[in-house]
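# Working through the structure, step by step
Here is what each chain is made of, one letter per residue.
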Number of protein chains: 2
Amino acid sequence: MATTAGDEKTVQTMLRRWLDDDDGLDDAWREEYNVYLSFPDANNPNKVTVVDAANVVKHSIREKEKPYTDDQRDPDVVQPYAAYSPAGHVKGKLVYANQGKPSDYEELSKKVNLTGTIAITRYGGAGRGAKAINAAPYGVAGVLVYTDPQDINDGFMSDTNETYPHSWYLPPSGVERGSFNRDFGDLLTPYLAAKEETYRIPPENIVGIPPIPIQPIGFEDAYVLICALDGDAAPFAWQGAFNCTYNLGGPGFKPTSAFSNSDVKMDIYNQEVIKNSANVMGIIRGSVEPDRYVIYGNHRDSWVHGAIDPSSGTSVMLEITRVLGRMVKQGIWRPRRSIIFGSWGAEEFGLIGSAEYTEQYFAKLSERTVAYINVDIAVFANAYLRASAMPSLQSVIFKASKEVSAPGESSTNVYETWKRHYNRTSGIHGVIPRLGYLTGAGSDYAAFVHYLGISSIDMSYTYDRSKTNARIYPAYHTAYDTFDYASKYIDPGFVSHQAVARTAGNILIRLADSLLLPFNCADYAEVLDSYLTTAITLYQPQLEAHNISIEPLKRAVAMFTTNAEQLDKTINSLDRANETPLTIRRINDQLMLLDRAFLDPLAFPDKYAFRHVIWTSNSAGKATFPGLADAFAQAELSGLDSDWEKVHYHLSVVSQAIEGAASTLGDVI
Amino acid sequence: MATTAGDEKTVQTMLRRWLDDDDGLDDAWREEYNVYLSFPDANNPNKVTVVDAANVVKHSIREKEKPYTDDQRDPDVVQPYAAYSPAGHVKGKLVYANQGKPSDYEELSKKVNLTGTIAITRYGGAGRGAKAINAAPYGVAGVLVYTDPQDINDGFMSDTNETYPHSWYLPPSGVERGSFNRDFGDLLTPYLAAKEETYRIPPENIVGIPPIPIQPIGFEDAYVLICALDGDAAPFAWQGAFNCTYNLGGPGFKPTSAFSNSDVKMDIYNQEVIKNSANVMGIIRGSVEPDRYVIYGNHRDSWVHGAIDPSSGTSVMLEITRVLGRMVKQGIWRPRRSIIFGSWGAEEFGLIGSAEYTEQYFAKLSERTVAYINVDIAVFANAYLRASAMPSLQSVIFKASKEVSAPGESSTNVYETWKRHYNRTSGIHGVIPRLGYLTGAGSDYAAFVHYLGISSIDMSYTYDRSKTNARIYPAYHTAYDTFDYASKYIDPGFVSHQAVARTAGNILIRLADSLLLPFNCADYAEVLDSYLTTAITLYQPQLEAHNISIEPLKRAVAMFTTNAEQLDKTINSLDRANETPLTIRRINDQLMLLDRAFLDPLAFPDKYAFRHVIWTSNSAGKATFPGLADAFAQAELSGLDSDWEKVHYHLSVVSQAIEGAASTLGDVI
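Residues numbered from 1 in each chain as written. Chains lettered and ligands numbered in written order. Predicted model: local features only at pLDDT ≥ 70, side-chain atom pairs only at ≥ 80, totals over all residues. Heavy atoms only, no water.

Moving on, we get to the overall build of chain A. Along its length, chain A carries 18 helices and 21 strands. By the compact-globule yardstick of 26 Å for 669 residues, chain A fits well, its C-alpha radius of gyration being 26 Å. Along the first, second and third principal axes, the C-alpha atoms of chain A reach 85 × 65 × 55 Å. Expressed as a percentage of its 669 residues, the buried residues of chain A come to 64%. Long-range contacts, defined as pairs at least 24 residues apart, comprise 77% of the intrachain contacts of chain A with a sequence gap of at least 6. For chain A, the computed accessible surface area is about 23300 Å², with 50% contributed by carbon and sulfur atoms. (Helix = DSSP H or I, 4+ residues; strand = E, 2+ residues; numbered from the N terminus. Rg over C-alpha atoms; globule rule 2.2 N^0.38 Å. Buried < 20%, exposed > 50% of the residue type's maximum accessible area, 1.4 Å probe, protein only. Contact = heavy atoms within 4.5 Å. Areas by Shrake-Rupley, 256 points an atom, 1.4 Å probe, with all protein chains shown as cover.)

Right, dumping it as structure tokens:
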């Protein structure tokens, strides 16, 4: 866990490995930041109880997960809690608020007066912290959150024969911990590296964290609470896997239940503290273009043991550095470009280590970074490759994945398995594996993608969705994410770990060592064009009704497509052996800097560090330009002229960004 | 004047010259923007009159300047007006408000109730539009502005033997026109290129333009008005060159004057209009690094004839393009890097053409531009060279100026004359000419310096301050800025024009053609260190009293100095003939991108497009870090904790920017 003695031990492990004389890197060091974290008080554990009118405790929520192996008995297992939930003591009648989305509270408030209630919610549908942020305006006093067996366990609930240690499913007392902030990076030092003397905003000015106490609990306890709720039955879509009807709450419990007339009481003792968190950095110097960086990273911190999250990814990173380091130490290989490895600290609290790193070295990284590769959880499950990236990197991911055997299936390769499970039809390539987009901030790629505009990849092995509906691997962020769990149920034999290491390593070498960067601009154009098609379908009639022309956007995408195809053609027709180094560098610079052209630091003032006008998260949930989509949704809702002006603004922003990017792909003068 | 038939004629001239087969450039074209301008109504001229209680006109302000040559009789001479002053009809008692600074109105309001008055102000001390913006909160209804003979004419007033056509001094009816906006670039399309379908903010949302009518007048009329004013005598510092006491106004005129009991009436008919303005762009393609740009520019538009402003600079640019173009066309020379020439449109209205250009091509220009050279008014007077630039360019300016003979003084050179008139003692170099800083937005360098962070130079020949106190050459922005005036009084024989063309051309060739960019980073460090010394002297005690440590700033400057000296040493010890092209490129990229590292798009939210944390304009007027200086001044004034927090914030911003810049100068990996 970030900043603990265990964290320091992993720092030392990384340094020892990366400074090893036989298979270490050229250099490695730690970089420290003083970051704002939130912990439960070990001497004063958070308590959630059911108390009757006389304050007699009728039920206590389990404070620690039930042990099945010694791992869970380790004294360092942190009590389940919601990082950045305020401390506080609240008591109220219980209500059931589904996933804690704005629409959930709105619907619930039509039936029940929420003032002073405690809302129990299930994970999913809304961000962790949002479940509390959305609740506060209704006067809700506190929020509980649990993982419904329907969402994580395909309905299984019993630890006598169904859940871990009998399977990969979450035992009844398992609790998903997590960070309940909305924005990434150190919360006290926005846009500044969190050094000792850096200016810090007053903690009360932090936005995007829970305004009321919130605490995660296991479904074992949630079952007891929810099945005792009074009031109307919740809508069908709100029902979960428990063998009772999920009622909304009277508010409060049924008179016939053991909790008749009782309240739920939350005693939360979380403490915020500024602590020292380290990144560990390691480098291999480039031989020809040392001033060009390929960055590869994963976080090092976990919530508990973190065998999968993050150690599956960290082990992949260590294997890659071992293999490359050995070749470097033996003097038989050195990449054309420099490679920087980052073992990020305090990711679990909000991608803090990677974000602070990008804030500290903003200029240098912006100017020189070719690409960022993130492998966090390397193996969610062992079915096929899941990769999200800027579309210009699609072709290098495909190339690499064709060169790696599918785990446990030597007759086929990673590419083919991926294509079989998850594909789309491209106008250019026909049926191909489907690449995801990096629109969110789910791992350490966020600052690289959204703040710096660096072409990035995030990848892992993932589930066969025909076999499970689990929203994530069931032991995620619990005390059960252990070596035993990982080796038995996630990736027996670690074959998928190997496939990810080989694929990611292959991509890394191609990015660091190719004469010409393996970027394909026409693939980027194809996605922009599909975004445009969606925008035309969804928005054009109403845009026209408001005298907003979509023509500039059409022209911009057309110009981008023309210039992208022209540049790809130039690259393909190059006589690589005989081109001058500066011609190669010129083209590589065009490719490297492509995503930088999409940055607009002023377009999304309400979204911290989101600057990329194509990949910024899109609340409207449409596969199209995010600023346009969100502004359109707002204008359609309000009908206000001022909101339609914002639609026009975002149309201009994205059109001019695409045109600006297109002009960087054309003839350089 | 921008967007007139005359402007189109100069567009055609530029295109014809730059597309000439014998001495033109590789290519040239026009780029158009639809920009928001403000003009008087030719059919309804602005009127300022003195009217008595019965509305009988007692005096009319002259509507056009008095002609001495046919130039002033040209029907295209625009009536003097204040661009972006609102139209309006106001009437009130006259008061004298000195330079229209906030302190002037504050002091005046202690003596006179300003509600409903007309304030007459003199040029200088505050920005043009600020004279009206500062007045409005006091209830002032309208503002007049004139040029006092003390400030422009060394006191001379008579056109019978003292002023033009007898000298360079301004005739009594001469009026300085100008743009009365505060922010640069098209006012309706902030941060977006002003294309036809671009989103435009509602005009009522424009900030930084006069909220009340304002009109410039000649000192001939100002004399009549001011010398008739009633009330207390204005403070000594407010007195000008008129042979009467400048009174504050009763408000209004003396009972003993011809204007007894009369008001001043302003009838302003200015019209805002969106018009098509063109930049003319011309290029010479680079032979080795075509993707590196040196940009050279000047605006093309004037207020009236503009022999000096801008045609002195435009003639210098045309001479440079003629000389370079001929060598290119003859096939005997082609620069290593590309050169882009910009003939900017609508500069006089607020640097519009250059700003829109940087908005449209933001990414491309940021990534590839080595430097920007601006020569607007090439010759203010013919005494010595005035140059302002980023300190890294000091050495190339010095080198070039040593190679050019001083105008009319073949025994010495431009460098020596400059050093004789205007020098400082450098810790590194001893006594050297004093270079100015580009902290303001006085000409088209603004967007390049402040918005893009491109190392820039602005230069001209200038006055011998021992011979005149004129705040600018007296015919500036009047109908007297003609060829006759320029050739007789500004630069007889055009020898200073030649010196500027030779110096600027020499710099341009060095920037475009040197193997290694002629940048010196230690000179940058020296200025940062002097800024630091000033900050320590002025601020350290009070910072400490507020628990704000200045140590991070000291460490940042020290790190910058170390890395800068190291890089300069590396450059000086290079074996230039044998280094690989990519080694040279790597160092050149470090030099080219140095100023980009100082950009922070969020540090100055109230200053449009000011992003450079070293050179942003500094209201506090101190030769130190601008964000720190302004925040400190505000905190000292208010004493508020929240203002001291802003001081800490700006200290962190500038420290981390300098550290970030320093890290780009160090070892690349």
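Moving on from the model shown.
Okay, the state of the cysteines next. Residue and element names in this part refer to chain A. With the rule as written, the count across this model stands at two disulfides over all chains. The disulfide bridge from Cys227 ends at Cys244, spanning 1.9 Å between sulfur atoms. Disulfide Cys227-Cys244: torsion about the S-S bond near -75°, hence left-handed. Residue Cys227 is located in the loop between helix H5 (219-226) and strand E11 (263-268), and its partner Cys244 is located in the loop between H5 and E11; the two are separated by 17 residues in the primary sequence. (Disulfide = S-S within 2.5 Å.)

Here the focus is the sheet that holds strand E10 (residues 214-216) of chain A. Residues and elements named next belong to chain A. Spatial strand order, E6-E7-E8-E10: four strands in an open sheet with parallel pairing. Bordering the open sheet on either side are strand E6 (94-96) and E10, each of which pairs with just one other strand. The sheet shows a mean angle of 25° between the axes of neighbouring strands, direction not considered. Where strand E7 (residues 118-122) lies against strand E8 (residues 142-146), five bridges are found, and the strand directions are parallel. Residue pairing in the sheet places Ile120 in a bridge with Leu144 of E8. Along the sheet face, H5 touches E6, E7 and E8 and points at about 120° away from the line of E8. (Pairing = 2+ DSSP bridges. Axes fitted to C-alpha atoms, helices over the stretch in contact; angles between N-to-C directions.)

Turning our attention to the packing of aromatic side chains. Under the definition given, this model contains 101 aromatic pairs over all chains. Between the aromatic rings of Tyr296 of chain B and Phe341 of chain B, the centroid separation amounts to 5.9 Å while the plane-to-plane angle is 55°, which identifies the pairing as tilted. Of this pair, Tyr296 of chain B sits in strand E13 (residues 289-299) while Phe341 of chain B sits in strand E14 (residues 337-344), and the two are 45 residues apart along the sequence. Across the pair, exposure class does not vary: Tyr296 of chain B and Phe341 of chain B are buried alike. One aromatic cluster is present, built from ring pairs that chain together Tyr68, Phe156, Tyr164, Trp168, Tyr169, Phe380, Tyr463, Tyr473, Tyr476, Tyr480, Tyr485 and Tyr489 of chain A. (Phe/Tyr/Trp six-rings, centres within 6.5 Å; stacked < 30°, edge-to-face > 60°.)

UniProt annotation of "domain: Transferrin receptor-like dimerisation" (unreviewed entry) refers to residues 548-665 of chain A when read in the numbering used here. The span residues 548-665 of chain A carries 61% helix and 0% strand; its end-to-end C-alpha distance comes to 28 Å. (UniProt positions renumbered as here; feature names shortened; annotations may be inferred.)

This part is about helix H3 (residues 128-135) of chain B. All names here are of chain B. Counting buried residues in H3 gives six out of eight residues, a clear majority hidden from the surface. For H3, the complete set of buried residues consists of Arg128, Gly129, Lys131, Ala132, Asn134 and Ala135. Lining the buried residues of H3 we find helix H2 (102-111), strand E7 (118-122), strand E8 (142-146), strand E9 (178-179) and strand E10 (214-216).

Quick look at helix H1 (residues 5-18) of chain A now. All names here are of chain A. End to end, H1 covers 20 Å across 14 residues, agreeing with the expected 20 Å (1.5 Å per residue, within 8%). All of the buried residues along H1 are Asp7, Val11, Met14, Leu15 and Trp18. One side of H1 carries all its buried residues, which in axial view fall inside an arc of 95°. Facing away from the buried side of H1 by more than 90 degrees, the exposed set consists of Ala5, Lys9 and Arg16. Each element contacted by the buried residues of H1 is listed here: strand E1 (27-39), strand E12 (271-284), helix H6 (311-329) and strand E14 (337-344). (Expected span 1.5 Å × (residues − 1). Arc of directions from axis to C-beta.)

Glancing now at the interface of chain A and chain B. Contact with chain A, which involves 52 residues of that partner, is made by 52 residues of chain B. Of the roughly 4500 Å² buried between chain A and chain B on both sides combined, carbon and sulfur atoms contribute 60%. In this assembly, chain A and chain B are joined by six salt bridges. Across the salt bridge formed by Arg555 of chain B and Glu197 of chain A, the nearest N and O atoms sit 3.0 Å from each other. Connecting chain A to chain B are 21 residue pairs in polar contact (both at pLDDT 80 or more). Mapped by element, the contributors of at least two residues to the side of chain A that touches chain B are strand E13 (289-299), E14, helix H8 (362-368), helix H15 (551-572), helix H16 (581-592) and helix H18 (641-665) of chain A. (Buried area = accessible area lost by both parts, 1.4 Å probe. Salt bridge = Lys/Arg side-chain N within 4 Å of Asp/Glu carboxyl O. Polar contact = N/O pair within 3.5 Å; in protein donor to acceptor, adjacent residues only side chain to side chain.)

Residues and elements named next belong to chain B. Applying the stated criterion across every chain yields a total of 72 salt bridges over all chains. Ionic pairing is found between Arg292 and Asp291, a salt bridge with its closest N-O pair at 4.0 Å. Across this residue pair, the class does not change: Arg292 and Asp291 are buried.

Time to look at the relation of the copies chain A and chain B. Of the transformation placing chain A onto chain B, the axial shift is 0.0 Å and the rotation is 180°, giving an RMSD of 0.0 Å. Taken together, the rotation angle and the small translation identify this as a two-fold axis. When the interface residues of chain A are mapped onto chain B, 100% of them again lie at the interface, so the same face is used by both copies. (Least-squares fit on C-alpha atoms with pLDDT ≥ 70 in both.)

Before going further, it helps to spend a moment on the UniProt feature "domain: PA" (unreviewed entry) in chain A. Mapped onto this numbering, the UniProt entry gives "domain: PA" (unreviewed entry) at residues 90-179 of chain A. Here residues 90-179 of chain A is 20% helix and 20% strand, with 21 Å between the C-alpha atoms at its ends.

Residues and elements named next belong to chain B. Tracing the chain through its elements places Val11 in helix H1 (residues 5-18). Judged by its relative accessible area of 2%, Val11 is buried. When the C-alpha positions of Val11 and Ser277 are compared, they lie 10 Å apart, and in sequence the two are 266 residues distant. Discounting residues that sit within four places of it in the chain, Val11 has contacts with Arg30, Ala278, Val280 and Arg300.

Right, let's get into the sheet that holds E14 of chain A. Residues and elements named next belong to chain A. As summarised here, the arrangement of the seven strands in space is E1-E12-E14-E13-E15-E21-E16, forming an open sheet in which the pairing is mixed. Looking at the sheet topology across the chains shown, the edges are occupied by E1 and strand E16 (384-389). Strand after strand, the sheet turns through a mean of 20° between neighbouring axes, direction not considered. With six bridges connecting them, E16 and strand E21 (residues 456-462) associate as antiparallel partners. Along E21, the bridge assignment pairs Ala389 with Ile457.

Core analysis: the largest hydrophobic core is formed by 216 residues, its most contacted members being Phe341, Phe349, Tyr473, Phe560, Phe598, Phe625 and Ile658 of chain A. Among all residues touching Phe341 of chain A, those that are not within four sequence positions of it are Trp18, Leu25, Val280, Met281, Gly282, Ile284, Tyr296, Met317, Ile320, Thr321, Leu324 and Leu508 of chain A. Val35, Ala194, Phe259 and Ala504 of chain B belong to the second-largest nonpolar core, a separate cluster that totals 215 residues. (Core = buried A, V, L, I, M, F, W, Y, C linked by side-chain atoms within 4.5 Å.)

All names here are of chain A. Here chain A is described as being made up of domain 1 (5-37 + 273-513), domain 2 (41-269) and domain 3 (521-665). Distance between the C-alpha centres of domain 2 and domain 3: 40 Å. Opposite the six residues of domain 2 that make contact, domain 3 presents five residues. Both sides together, the interface formed by domain 2 and domain 3 hides about 500 Å², and carbon and sulfur atoms give 61% of it. Summed over the three residues of domain 2 that lose the most area to domain 3, namely Asp183, Phe184 and Tyr191, the buried surface amounts to 85% of that side. Our enumeration of links across domain 2 and domain 3 arrives at two residue pairs in polar contact (both at pLDDT 80 or more). (Domains from an automatic or database assignment.)

This next bit is on the environment of Leu594 of chain A. Residues and elements named next belong to chain A. Relative to the helices and strands, Leu594 resides in the loop between H16 and helix H17 (626-638). Counting along the chain gives 63 residues from Leu594 to Tyr531, while the straight-line C-alpha distance between them is 18 Å. In this view, Leu594 contacts Cys521, Tyr524, Phe560, Ala661 and Leu665; residues no more than four positions away in its chain are not counted.

Let us now look at the packing of H16 of chain A against helix H16 (residues 581-592) of chain B. Packed helices, taken two at a time, are described by their axes: the angle between them and the distance between them. Where H16 of chain A meets H16 of chain B, the axes come as close as 9 Å, and the angle between the chain directions of the two elements is 45°. Here H16 of chain B runs oblique to H16 of chain A, going by the angle between their axes. H16 of chain B is crossed by H16 of chain A, and the crossing has right-handed handedness. On the side of H16 of chain A, the interface is formed by Pro581, Leu582, Arg585, Arg586 and Asp589 of chain A, while H16 of chain B contributes Pro581, Leu582, Arg585, Arg586 and Asp589 of chain B. Tallied by class, the residues present in the contact of H16 of chain A with H16 of chain B amount to four nonpolar, no polar and six charged. (Parallel < 35°, antiparallel > 145°, perpendicular 65-115°, else oblique. Left-handed = near helix turned anticlockwise from the far one by under 90°. Nonpolar A, V, L, I, M, F, W, Y, C, P; charged D, E, K, R; others polar.)

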